[in-house]
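# Observations on the three-dimensional arrangement
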Amino acid sequence: QVQLVESGGGLVQAGGSLRLSCAASGRTFSSYAMGWFRQAPGKEREFVAGISWSGGSTYYAASVKGRFTISRDNAKNTVYLQMNSLKPEDTAVYYCAADLLEGPVYVHTVVVVPGPYDYWGQGTQVTVSS
């Protein structure tokens, strides 16, 4: 069992920055590929960014590539999402998720769809004003 707790959301003006954190507790954090998703009102949950359990591979949605950066600190059991140049369309509830992918065969695996993820946080609201 893994518990995920997001923090760092808030209200920011367009062009500003926020850093989201997702703290994990429970089973060995380094066994999990991690992802960030978001869901805006009336829309489906969408992939934002993902990172392999090793931290050696990352992948981004086209809408955030070049503006957002995902990273992880396995010693601190935490994954981060640095969000720069924020736009009003980035407004959503942001969720982190964990997918158990142990072993060297998955060292570079990034999961970009929500289905395989085993655990989800409660979400943190990000609001970008124009």
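See the structure above.
Quick notes on the rules
- Residues numbered from 1 in each chain as written.
- Predicted model: local features only at pLDDT ≥ 70, side-chain atom pairs only at ≥ 80, totals over all residues.
- Heavy atoms only, no water.
- Helix = DSSP H or I, 4+ residues; strand = E, 2+ residues; numbered from the N terminus.
- Buried < 20%, exposed > 50% of the residue type's maximum accessible area, 1.4 Å probe, protein only.
- Contact = heavy atoms within 4.5 Å.
- Disulfide = S-S within 2.5 Å.

## Considerations on the environment of glycine 26
Relative to the helices and strands, glycine 26 is located in strand 3 (residues 18-26). Classification of glycine 26 as exposed rests on a relative accessible area of 59%. Along the chain, glycine 26 and leucine 86 lie 60 residues apart, while their C-alpha atoms are 32 Å from each other. Setting aside its immediate chain neighbours within four residues, glycine 26 contacts Gln1 and Gln3.

## Things to note about the state of the cysteines
Covalent bonding between the sulfur atoms of two cysteines is what defines a disulfide. In this structure the tally under the stated criterion is one disulfide. With its sulfur 1.9 Å from that of its partner, cysteine 22 forms a disulfide with cysteine 96. Between cysteine 22 and cysteine 96, the disulfide has an S-S torsion of 45° and is therefore right-handed. One end of the pair, cysteine 22, is in strand 3; the other, cysteine 96, is in strand 9 (residues 92-100), and 74 residues separate them in sequence. On the basis of relative accessible area, cysteine 22 is assigned to the buried category, the value being 0%.

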